[in-house]
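Topology and contacts: notes
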Amino acid sequence: MDRETGRPGTGLRTGPRTPPAGVARTPRPRLAQGVPGAPPPPAARRPRRRQAQPPAAVGVGLLLAGGGVVAVDRLGQDRAAPAPLTPAGRALAAAGAGRPAALADLAALIGERRERVRRAPADRASWAVLGAALAERAARSGAPGAYTEAERALQRALAQGGTPDVRALTGLAVLAAARQDWAGAVRWGEAARDRAPGRVGAYRVLLEAYPGTGDAEGADRALERLRKVRPGPVAEVAAAWVHRERGWREDAEATVYDAAARAATPAERAAALSRAGDLAWERGEAETALARYEGALRAEPEHDGAAAGRARALAGLGRSEEALTAWARARAAAPRPGYAVESGELLLALGRSAEAADHFALARHQAAALARDGVRQEPVLGRLEADHGDPAEAVRLLTEEHRRHPGPAASGALGWALHKAGRSAEALPRLRAAVKDGPNTARPAYHLGMVHLALGERGAARRQLTRALRLAPQFSPLHAERARRELAALGEPAWGPPPA
């Protein structure tokens, strides 16, 4: 889950780039050959010479016939192929494999289970499946009201009594993560993991939730277990973000591109390509990022994270009007306040301050609606107030966020709010920690450089502002330009001997 935009889903690394135990890539499993166990042919009355069987006749083979798939047993008799899954069945299969479901399939599953619980209100399993599907849709759509509906269904599943359904426990973990309640996500995720250690869903949530609570070692353990339970694209997308949180860019890129190449479904491919776009954007490669995001949108047109990433990349390439259209697409896919803040900052950079103010007002309205649905909004509101509102209110909001969820992201956000409120000396250690311990990205370096500048530390300011622009020259349509102006005003360092 992005701490600023609210998008789901988790500094300068001074030590060696050797991943901790469990973070090394697991080799791809080898596929079994053939399907053993077919019965032998019936015995003949008189011995006769056995005819060699072609390889496809060992066990059950699959032949293409008229564009379809026909199963042929070893006696050459046609056997009916399994019926294709319904959309609801595909969503269930994706959940069982730990993969993201297509949004249309998820909607079909929700409709089917609503009908089931209407007919059988005591059907605990259907309540659990319904609640889990609603939680996933809430996390991916960001729509106010969706979170409360999911919580009611999940609590109804638990209220039926008996052993808690692991799907309900996992759904509550997903819901807590979508609300940015990282401690709650850890609590429910660990309960689901302990109930069914071989299921994938709990580990996916824990990999997102542990960094939110500042527990990097917990994320390492969860990743190690996920790679044992389900090696493949799901684990590699998760691993990429764990590597990214540590500042290990090369490792993150290798795993996410591998995941995109091996994705089994369009939704899975969209998730991997969107993450690949994020990584390319953070290292300053706007053209590459744009291509990755557009690939993700071709796979899943409703993917709001890819739509938002495409808008950032277009803005970074100077295609501002296209970027504003892309931001409108992202806001339509998911009404996340962070999207309105970013589109407002683009408008502000273009000198359209009245329109920007409308976008900031929209962000506050959306944040209030989500807060009524139990979704924490301190990170995005803190950013908005620090840069475009009341910095003292930003300090209040982000102090509470840091108390609940300590970590590099919360520390950096609070440090920036303190600086904007005129408390730069207090901000300095928090921003240093964010740069040292968080992902190696441009914005924290820019914030630290501006604090050094406010404290009169010109050399340190020059180093951090230069670093921010080297990491990503267009990291923000508003702040990147200010970084360039401040660097120009600082000028080159004096290389001569110090004055006598």
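Cut-offs and rules
Residues numbered from 1 in each chain as written. Predicted model: local features only at pLDDT ≥ 70, side-chain atom pairs only at ≥ 80, totals over all residues. Heavy atoms only, no water. Helix = DSSP H or I, 4+ residues; strand = E, 2+ residues; numbered from the N terminus. Areas by Shrake-Rupley, 256 points an atom, 1.4 Å probe, with all protein chains shown as cover. Buried < 20%, exposed > 50% of the residue type's maximum accessible area, 1.4 Å probe, protein only. Salt bridge = Lys/Arg side-chain N within 4 Å of Asp/Glu carboxyl O. Expected span 1.5 Å × (residues − 1). Arc of directions from axis to C-beta. Axes fitted to C-alpha atoms, helices over the stretch in contact; angles between N-to-C directions. Parallel < 35°, antiparallel > 145°, perpendicular 65-115°, else oblique. Left-handed = near helix turned anticlockwise from the far one by under 90°. Contact = heavy atoms within 4.5 Å. 1 Å grid on protein atoms, 1.4 Å probe; cavity = no way out; pocket = protein on both sides within 12 Å on 5 of 7 lines; lining within 4 Å. Points joined across faces, edges and corners; volume = space filled by probe spheres on them. Nonpolar A, V, L, I, M, F, W, Y, C, P; charged D, E, K, R; others polar. Polar contact = N/O pair within 3.5 Å; in protein donor to acceptor, adjacent residues only side chain to side chain. Core = buried A, V, L, I, M, F, W, Y, C linked by side-chain atoms within 4.5 Å. Phe/Tyr/Trp six-rings, centres within 6.5 Å; stacked < 30°, edge-to-face > 60°. pLDDT = per-residue confidence, 0-100.

Looking only at helices and strands, the protein features 23 helices and 3 strands. Counting only carbon and sulfur atoms, one obtains 54% of the accessible surface of the protein, whose full area is about 23600 Å².

Glancing now at the side chain of Ser274. Relative to the helices and strands, Ser274 is located in helix H11 (residues 266-282). Look at Ser274 and you get buried, because its relative accessible area is 5%.

Once that is clear, we can look at the pattern of salt bridges. Counting across every chain of the model gives 33 salt bridges. For Glu342, the salt bridge is made with Arg312, and the minimal N-O distance between the two is 2.9 Å. With Glu342 in helix H15 (residues 337-349) and Arg312 in helix H13 (residues 304-316), the pair connects residues that are 30 residues apart, well separated along the chain. Both residues of the pair, Glu342 and Arg312, count as buried. Arg383 is the partner of Glu345 in a salt bridge, and the nearest nitrogen-oxygen pair spans 3.1 Å. With Glu345 in helix H15 and Arg383 in helix H17 (residues 378-388), this pair connects stretches of sequence that are 38 residues apart.

Attention shifts here to helix H14 (residues 320-333). The end-to-end C-alpha distance of H14, which contains 14 residues, comes to 20 Å, matching closely the 20 Å that a straight helix rising 1.5 Å per residue would cover. Among all positions in H14, only Ser320, Ala323, Leu324, Ala326, Trp327, Ala330 and Arg331 are buried. In a view along the axis of H14, the buried residues occupy a sector of 160 degrees, so they form one face of it. The exposed set on the far side of H14, more than 90 degrees from its buried face, consists of Thr325 and Ala332.

Further remarks concern the packing of H13 against H14. Packing of H13 against H14 brings their axes to within 8 Å, and their N-to-C directions diverge by 165 degrees. In this view, H13 runs roughly antiparallel relative to H14, as classed from their interaxial angle. Considering the relative orientation of H13 and H14, their crossing is left-handed. For the pair formed by H13 and H14, the contact residues are Asp304, Ala307, Ala308, Arg310, Ala311, Arg312, Leu314 and Ala315 on the first element and Glu322, Ala323, Ala326, Trp327, Arg329, Ala330 and Ala333 on the second.

Here the focus is empty space enclosed by the protein. The space that makes up the second largest cavity amounts to roughly 40 Å³. Surrounding the second largest cavity, Arg244, Trp248, Arg249, Ala252, Leu279, Glu282, Pro439, Asn440 and Thr441 form its lining. A breakdown of the residues in the lining of the second largest cavity according to their chemical character gives 4 nonpolar, 2 polar and 3 charged.

Before going further, it helps to spend a moment on the environment of Ala143. Note on placement: Ala143 falls in the loop between helix H3 (124-141) and helix H4 (146-159). Non-local contacts of Ala143, meaning those with residues more than four positions away in its chain, are made with Ala138, Pro335, Leu370 and Asp373.

With respect to the helices and strands, the residue Glu300 is situated in the loop between helix H12 (286-299) and H13. A distance of 2.7 Å separates the side chain of Glu300 from the side chain of Arg140, its partner in a polar contact. Dropping the residues within four chain positions of it, Glu300 is found in contact with Leu103, Arg140, Ala267 and Ala270.

With 14 residues, helix H8 (residues 216-229) should reach 20 Å at 1.5 Å per residue; the first-to-last C-alpha distance of 20 Å fits that figure. Along H8, the positions that sit buried rather than exposed are Gly218, Ala219, Asp220, Ala222, Leu223, Leu226 and Arg227. Buried-residue contacts for H8 involve helix H7 (201-212), helix H9 (233-246) and helix H10 (249-262).

This part takes up the nonpolar core. Counting 36 residues, the largest nonpolar core has Trp327, Ala330 and Leu346 as its most contacted members. Taken together, the elements giving at least two residues each to this core come down to H10, H11, H12, H13, H14, H15, helix H16 (353-372) and H17. With 7 residues, the single largest contributor to this core is H13.

Backbone geometry at Gln180 places phi at a positive 60 degrees, although glycine is not the residue there. Mapping Gln180 onto the fold places it in the loop between helix H5 (166-178) and helix H6 (182-195).

The subject of this paragraph is the packing of aromatic side chains. By convention here, two paired aromatic rings are described through the distance between centres and the angle between planes. Throughout the structure, instances matching the rule amount to 3 aromatic pairs. Ring geometry for Tyr446 against Phe475: centres 5.5 Å apart, planes inclined by 50 degrees, an arrangement best described as tilted. Here Tyr446 is found in helix H21 (residues 442-454), whereas its partner Phe475 is found in the loop between helix H22 (458-471) and helix H23 (479-490), with 29 residues between them in sequence. On the basis of relative accessibility, which here comes to 0%, the residue Tyr446 falls in the buried class. Here the aromatic residues Trp416, Tyr446 and Phe475 are joined through ring pairs into a cluster of three or more.

With that settled, consider the confidence of the model for the protein. When pLDDT is averaged along the protein, the result is 82; 82% of the residues meet or exceed 70. The model gives residues 8-79 a pLDDT under 50, and that stretch makes 102 contacts with residues more than four places away or in other chains.

On to the packing of helix H20 (residues 424-437) against H21, then. Interaxial distance between H20 and H21 falls to 9 Å at its minimum, and their mutual angle equals 150 degrees. Taken together, the axes of H20 and H21 are roughly antiparallel relative to one another. Considering only the axes of H20 and H21, their crossing is left-handed. Contact with H20, carried on its side by Ser424, Ala427, Leu428, Leu431, Arg432 and Val435, involves Pro444, Ala445, His447, Leu448, Val451, His452 and Ala454 of H21 and no other residues of that element. In the contact of H20 with H21, the residues fall into 9 nonpolar, 3 polar and 1 charged.

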